[in-house]
Amino acid sequence: MDRKKIATLGFLFVVLVVLAVIFFKSGIKEKILPTLPAPPPEVEPLTQPGLTRTVVLFFLSEEDTFLHPEEREIPATQSVVREAKQTVEELIKGSKKGYISPFPPEAKLRELYITPQGVAYVDFTKEIVEKHLSGSSAEISTIFSVVNSLAYNFDSINKVFILIEGRERETLGGHINLSRPFLPLYDLIAK
Amino acid sequence: MSCSCLSKKLIAGVVLSLFLSMTSGSQIQPFVKLSVRDYEDFSRIIIEPSFPLSFEIEKGSSFLLVKIAIDVPFRIQKDPFESRIVRSFGWTKGRDYYILTIKTKPVDFSYDYFVLNNPTQLVIDFYEVDEEGRRGREADKEIKSRLDSALSREKEDSAPQEIKTIIVDPGHGGMEPGAKGKFGTLEKDITLAIALKLKTFIERNMPVRVVLTRTGDTSVSLERRAAIANYNKADLFVSIHANSSFRKDAHGSETFFLSNESTDDEARRLAYLENNPADFDEGIGGDSQDELTMILWDMAQSAYLKESSTFAETIQGELNFLLRTKDRGIKQAPFKVLTGVACPAVLVEIAFISNPEEERKMKTEWFQNNVVEAIYRGLENYINLYYRK
């Protein structure tokens, strides 16, 4: 009797499982292509008090059309994301050697994250667009100052994708295409 | 007995949890219902989300993007449809939004939208822009065949015999002034003044048609500028800009062509071919045709980089000679306006509007006429190189 009951219930259970599988696997399937990866969970970096690391920032100069390196000390952490953020923040603060900053002073960094494929997503506030000079040369300087500074200092960054207020944008001011990640252009750096 | 009770309980538990997971699953997961219906003179799409709707709409050539703010996955309910205007839907995930791409059959179209409440529905009506829609479809075919031949080029066979149409693109316009000079000169005004002069000059001296991407102070999207060139079966494309730099001293003229992104593009093309091997053997049909069009439009210019580089050189040489400006040379950069253009294309930075001396110069008739003449001579040199062998 008990065995029969168990067998019946077992049978019902199998039917239910089959039905559940059908339920979950059926329906209209839409392929959703991820473009922007979710930011990885923020791990609180272990700051090592007193320890710093040197990064190289790239600025413009009145002398020529190239990007010029300037070394800067940032607090050393065990988080690449944290150090990359500090690098961009230092870049926006401008040069301490009299080089020219290719950023509107009002622009701020909102967010930065790095995918396992080595693409850094650098998200600026809207001022980087609104206060921009919007000429071809100006846009190229702004973009490659960020791209080169990040790719040069961090091995885990190969490409840089620029976002404005968390969103993709076509251009900064009508010229350079922001809808694809940038590879660094070291030709722009002064020899 | 006790054993069977236990198993009963276990089974009941499993059944209950299954039941719960099924119902809770369908209750919690948000969904979006999509429906398409054709009316006499328009097609209507209704987007009905189960959650509060916050959206943005952006139009492109042959597609409309609807960016919907939501950061959790959702189900999509859609019935099969047939429409004159709507071709297909695609979803792309962003960080805290999804983008619905509505691909349209005509390259150009106009649209209206409104929101209904209770339940929330976003209604988008698509209208065909007759003349251009038709031309767009023809242009699509034209571009595809030109790109196919360009990609596997036997140069002698497929090189065009003569230049018929030149596109002149005055940078910026309307709501988008471009760079500003210290004395208030706007890039959009300088570029338009030169473009209008250039059109007259070319048409007076060459048996070609010149099409401007704008003739007044109007906003024209960058994609639309490329689309105008492609609709008109452009043979050459010249975009005119005035430069600006953070460096006060920056001065001089330069000519850009698109930077080489062919490694990425080639990879995408190969990926496409791998996934759709039949397309190239047996022709293309249905939705896959649309996908191919999008990929090719996006990489249109990469098939013409060599010609564009020569074109840039012929113009740059004349510019510095006539303008007596500093030669900044020819350069490559990923200019948005150039990416979709399916013919040799350059972007000329006539001088720096951010440099007060050059700003003053570029407002003069002398300077503007010399820019016109320099570009004209560059065009002529290029045509002599490629067309009159």
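Please read these numbers as outputs of a predicted model, since none were measured by experiment.

Quick notes on the rules
- Residues numbered from 1 in each chain as written.
- Chains lettered and ligands numbered in written order.
- Predicted model: local features only at pLDDT ≥ 70, side-chain atom pairs only at ≥ 80, totals over all residues.
- Helix = DSSP H or I, 4+ residues; strand = E, 2+ residues; numbered from the N terminus.
- Contact = placed C-beta atoms within 7 Å.
- Buried ≥ 20, exposed ≤ 12 C-beta atoms within 10 Å, placed from the backbone.
- Pairing = 2+ DSSP bridges.
- Core = buried A, V, L, I, M, F, W, Y, C linked by C-beta atoms within 7 Å.
- Axes fitted to C-alpha atoms, helices over the stretch in contact; angles between N-to-C directions.
- Left-handed = near helix turned anticlockwise from the far one by under 90°.
- Nonpolar A, V, L, I, M, F, W, Y, C, P; charged D, E, K, R; others polar.
- Expected span 1.5 Å × (residues − 1).
- pLDDT = per-residue confidence, 0-100.

Asks: I'd like a rundown of the overall build of chain B, residues and numbers included.
Replies: For chain B, the count of helices and strands is 12 helices and 15 strands. A fraction of 75% describes how many contacts in chain B between residues 6 or more apart in sequence connect residues 24 or more apart.

Asks: Tell me what's going on with the overall build of chain A, and back it up with residues and numbers.
Replies: On a plain count of helices and strands, chain A comes out with four helices and six strands. Going from N to C terminus, chain A has its helices and strands arranged as α-β-β-β-α-β-β-α-α-β. Evaluated residue by residue, chain A yields a buried proportion of 33% over its 191 residues. For chain A, long-range pairs separated by at least 24 residues make up 66% of all intrachain contacts whose partners lie at least 6 apart in sequence.

Asks: Explain the pairing of strand E4 (residues 109–114) of chain A to me, and be specific about the residues and the numbers.
Replies: Residue and element names in this part refer to chain A. Where E4 lies against strand E5 (residues 119–124), five bridges are found, and the strand directions are antiparallel. Its bridge partner being in E5, Tyr113 is matched across the sheet by Tyr121. Following E4, the chain reverses through four residues before pairing antiparallel with E5; Gly118 in that reversal takes a positive phi of roughly 90 degrees.

Asks: Provide a residue-level description of the nonpolar core, including the pertinent values.
Replies: The biggest cluster of nonpolar side chains holds 100 residues, and the ones touching the most others in it are Val122 and Val160 of chain A together with Val346 of chain B. Examining the composition of this core, we find that eight residues originate from one element, helix H4 (residues 136–153) of chain A, more than from any other. Val160 of chain A has contacts with Ala120, Val122, Val146, Val147, Leu150, Ala151, Pro181 and Phe182 of chain A, leaving out every residue within four places of it along the chain. By size, the runner-up hydrophobic cluster in this structure holds 17 residues, among which are Val32, Ile45, Leu100 and Ile124 of chain B.

Asks: Got a sec to walk through the sheet that holds E5 of chain A? Specific residues and values, please.
Replies: Residues and elements named next belong to chain A. Reading across from one edge, E4-E5-E6 is the order of the three strands in this open sheet, with mixed pairing throughout. Edge strands, defined here as strands with exactly one partner in the open sheet, are E4 and strand E6 (159–164). Here the strands of the sheet are splayed against their neighbours by 15 degrees on average, with no regard to which way each runs. Here E5 pairs with E6 via six bridges, running parallel. Looking across to E6, one finds that Tyr121 is bridged to Phe161.

Asks: Tell me about the packing of helix H2 (residues 80–93) of chain A against H4 of chain A, and name the residues and values.
Replies: Residues and elements named next belong to chain A. The N-to-C vectors of H2 and H4 enclose an angle of 140 degrees; their axes lie 10 Å apart at closest approach. Pair H2 / H4 crosses with right-handed handedness. Residues Ala84, Thr87, Val88 and Leu91 of H2 form the contact with H4, whose participating residues are Ser145, Val146, Ser149, Leu150 and Asn153. Tallied by class, residues from the contact of H2 with H4 come to five nonpolar, four polar and no charged.

Asks: Could you give an account of the sheet that holds strand E15 (residues 345–352) of chain B, naming the residues involved and the relevant values?
Replies: All names here are of chain B. On the basis of which strands lie adjacent, the open sheet formed by six strands has the order E11-E10-E12-E15-E13-E14 and mixed pairing. Strands with a single pairing partner mark the edges of an open sheet, and in this sheet they are strand E11 (209–212) and strand E14 (327–333). The sheet shows a mean angle of 20 degrees between the axes of neighbouring strands, taken without regard to direction. Note: strand E12 (residues 236–243) against E15, six bridges, orientation parallel. Within E15, the position partnered with Val238 by the bridge is Val346. Across the sheet, helix H4 (residues 187–205) lies against strand E10 (165–170), E11 and E12, angled at about 145 degrees from E12, the strand it touches most.

Asks: Quick one: what's the story with the environment of Arg328 of chain B, residue by residue and with numbers?
Replies: Residue and element names in this part refer to chain B. Within the secondary structure layout, Arg328 lies in strand E14. Note on Arg328: 21 C-beta atoms within 10 Å, which makes it buried. For the pair Arg328 and Thr255, spaced 73 residues apart in the sequence, the C-alpha separation amounts to 8.2 Å. When neighbours within four sequence positions are excluded, Arg328 is seen to be in contact with Gly252, Ser253 and Glu254.

Asks: Can you lay out H4 of chain B for me, pointing to particular residues and giving the numbers?
Replies: All names here are of chain B. Its 19 residues give H4 an end-to-end C-alpha distance of 27 Å, which sits within 8% of 27 Å, the value for a rise of 1.5 Å per residue. Among all positions in H4, only Glu187, Lys188, Ile190, Thr191, Leu192, Ile194, Ala195, Leu198 and Ile202 are buried. Its buried side turned inward, H4 meets E10, E11, E12, helix H11 (356–362) and helix H12 (365–386).

Asks: Which residues make up the environment of Gly378 of chain B, and what values do they have?
Replies: All names here are of chain B. Tracing the backbone through its elements, the reader meets Gly378 in helix H12. Residue Gly378 is classed as buried on the basis of its C-beta count, with 24 C-beta atoms lying within 10 Å. Expressed as a C-alpha distance, the spacing of Gly378 and Thr310, which sit 68 residues apart in the sequence, is 9.9 Å. With sequence-adjacent residues up to four places away left out, Gly378 is seen in contact with Thr314, Ile315 and Glu318.

Asks: Can you tell me about the packing of helix H9 (residues 305–323) of chain B against H12 of chain B, naming the residues and giving the values?
Replies: Residues and elements named next belong to chain B. Packing of H9 against H12 brings their axes to within 8 Å, and their N-to-C directions diverge by 145 degrees. Between H9 and H12 lies a crossing of right-handed hand. Mapping the contact onto sequence places Thr310, Phe311, Thr314, Ile315, Glu318, Leu319, Leu322 and Leu323 in H9 and Phe367, Asn370, Val371, Glu373, Ala374, Ile375, Arg377, Gly378, Asn381, Tyr382 and Leu385 in H12. Taken together, the residues of the contact of H9 with H12 sort by class into 11 nonpolar, five polar and three charged.

Asks: Lay out the confidence of the model for chain B in plain terms, naming residues and giving numbers.
Replies: For residues with low pLDDT, the predicted coordinates do not support detailed interpretation. Residues and elements named next belong to chain B. Confidence in the prediction of chain B, expressed as mean pLDDT, is 80, and 74% of residues score 70 or more. Confidence drops under pLDDT 50 across residues 1–26; counting only partners more than four residues distant or on other chains, this segment forms 13 contacts. Scored by ipTM, the complex comes to 0.74, with pTM at 0.64.

Asks: Describe the pairing of strand E9 (residues 121–128) of chain B, with residues and values.
Replies: Residue and element names in this part refer to chain B. The sheet contact formed by strand E2 (residues 43–49) and E9 spans five bridges and is antiparallel. Counterpart to Ser43 in the pairing with E9 is Phe126. Relative to E9, strand E8 (residues 109–116) is paired through eight bridges, and the arrangement is antiparallel. Bridge assignment links Tyr111 to a residue of E9, and that residue is Phe126.

Asks: I'd like a rundown of unusual backbone geometry, residues and numbers included.
Replies: Non-glycine residue Ser134 of chain A carries a positive phi angle of around 55 degrees. Looking at the element boundaries, Ser134 of chain A is found in the loop between helix H3 (127–130) and H4. With a phi angle near 65 degrees, His172 of chain B is a residue other than glycine that sits in the positive phi range. Within the secondary structure, His172 of chain B is located in the loop between E10 and H4.

Asks: I'd like a description of H4 of chain A, backed by residues and values.
Replies: In this model H4 of chain A runs 26 Å from its N-terminal to its C-terminal C-alpha over 18 residues, within 8% of the 26 Å that 1.5 Å per residue would give. Taking burial as the measure, the 18 residues of H4 of chain A include 16 buried ones, the bulk of the element.

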